[in-house]
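Here's the letter readout for the chains.
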Amino acid sequence: MTTATGRQPLRAYGDIGPAWQRLAAYLGEDFRSGLTDFEACCTFVEKEFARYGPEEFYRSSNGYLYELTHFHFSPYKDDFFRMVTRFADAHGLRTLGDVGCGVGLDAQALMRAGYQVSLYDMPCPSLDYAAWRLQQDMGTKDVTFPLDHLGGRRLDLVYAVDVIEHIPDPAAFAGRLFGAADYVAVNFFPHDPRPWDGKDMHYPENHWTLLPAFGRHGELLEAGISGATVGTMWRRRAVSGAG
């Protein structure tokens, strides 16, 4: 099994070229080759976010397909997935859930490495593209689900990478993650107690409320730097009175 536990990072393809080819095949005449330039992509997505707002953006954005492709092939999440795969391998965990999966390139890389991955996100262009590409490349069907299906089947581990900062009430979302798996991996941006400015794509993360919310549901097992964030691994607390 190939994992990200060593020097080789997990990637859906050997380089970004095939990823752009897949997206071009999916979008057809709507494919924008100019957005394969990272700076141009970021500018385009920022304008989309300003136009759509924080809720409709994720449900409607096509620019996000390009931005998430860029990020998959950056080293930004490599340390996070090294933690996830190292922990999963050490504990014999095989069924994973990608919560807030976006275009699903991370999940595809994990599938290629031998894990069974279910993908969850709100109904959006990114989730539709992920389902199409996984069927084309991996021959998989019925592995992408809307978020309200999270918890419908018990998984070994769920992870939410670069997701919490996009949720207006992440403390409330913590319970849903722990309701789906025995182990939860999530990354946090630095503590910021200020109110949201209404413009930034990322909500501020107030650790004074966020970390206690996670602590009520789980026990912290591991933490480590992952890009500009801290990746964490949690074990679900036993439910008192169960059985």
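If you're wondering where the values come from, they're calculated on a predicted model, not measured in any experiment. (Residues numbered from 1 in each chain as written. Predicted model: local features only at pLDDT ≥ 70, side-chain atom pairs only at ≥ 80, totals over all residues. Heavy atoms only, no water.)

Peer 1: Could you give an account of empty space enclosed by the protein, naming the residues involved and the relevant values?
Peer 2: Considering all chains together, one arrives at one cavity of 30 Å³ or more under this definition. Counting only elements with at least two residues in the lining of the largest cavity, the list comes to α5 (78–90) and α6 (105–112). Residues belonging to the lining of the largest cavity are distributed by class as follows: five nonpolar, two polar and five charged. (1 Å grid on protein atoms, 1.4 Å probe; cavity = no way out; pocket = protein on both sides within 12 Å on 5 of 7 lines; lining within 4 Å. Points joined across faces, edges and corners; volume = space filled by probe spheres on them. Helix = DSSP H or I, 4+ residues; strand = E, 2+ residues; numbered from the N terminus. Nonpolar A, V, L, I, M, F, W, Y, C, P; charged D, E, K, R; others polar.)

Peer 1: Before we move on, can you summarise the packing of helix α1 (residues 16–27) against helix α4 (residues 63–72) with the specific residues and values?
Peer 2: Viewed as axis vectors pointing N to C, α1 and α4 meet at an angle of 165°, and their least axial separation amounts to 10 Å. Judged on the interaxial angle alone, α4 and α1 are roughly antiparallel. When the axes of α1 and α4 are compared, the crossing they make is right-handed. Facing α1, whose interface residues are I16, A19, W20, L23 and L27, α4 presents L65, Y66, T69 and H70. Grouping the constituent residues of the contact of α1 with α4 by class yields seven nonpolar, two polar and no charged. (Axes fitted to C-alpha atoms, helices over the stretch in contact; angles between N-to-C directions. Parallel < 35°, antiparallel > 145°, perpendicular 65-115°, else oblique. Left-handed = near helix turned anticlockwise from the far one by under 90°. Contact = heavy atoms within 4.5 Å.)

Peer 1: Just give me the short version of the sheet that holds strand β1 (residues 95–99), but keep the residues and values in it.
Peer 2: The mixed open sheet is built from seven strands, whose spatial order is β3-β2-β1-β4-β5-β7-β6. Two strands lie at the open edges of the sheet, namely β3 (144–146) and β6 (218–226), each paired on one side alone. Each strand of the sheet is rotated relative to its neighbour by a mean of 20°, with strand direction disregarded. As paired strands, β1 and strand β2 (residues 116–121) are joined by five bridges and run parallel to one another. Paired with L96 across the bridge in β2 is V117. (Pairing = 2+ DSSP bridges.)

Peer 1: Describe the packing of helix α8 (residues 170–178) against helix α9 (residues 207–217), and please don't skip the residues or the numbers.
Peer 2: Between α8 and α9, the shortest axis-to-axis distance is 9 Å and the interhelical angle comes to 20°. By the angle class used here, α8 and α9 are roughly parallel. As α8 runs across α9, the sense of the crossing is right-handed. Seen from α8, the contacting residues are P170, A171, A174, G175, L177 and F178; seen from α9, they are T209, L210, A213, F214 and H217. Per-class residue counts for the contact of α8 with α9 are eight nonpolar, three polar and no charged.

Peer 1: Can you tell me about the pairing of strand β5 (residues 181–188), naming the residues and giving the values?
Peer 2: For β5, the tally of buried residues reaches seven of eight residues, placing the bulk of the element in the interior. Relative to β5, strand β4 (residues 155–160) is paired through five bridges, and the arrangement is parallel. Within β5, the residue paired with V158 across the bridge is V184. Each parallel crossover has a hand, and for β4 linked through α8 to β5 it is right-handed. As paired elements, β5 and strand β7 (residues 229–236) share six bridges and run antiparallel to each other. Counterpart to V184 in the pairing with β7 is W234. (Buried < 20%, exposed > 50% of the residue type's maximum accessible area, 1.4 Å probe, protein only. Right-handed = clockwise from strand over helix to strand, strands pointing away.)

These results come straight from atomic positions and should not be treated as a statement about function.
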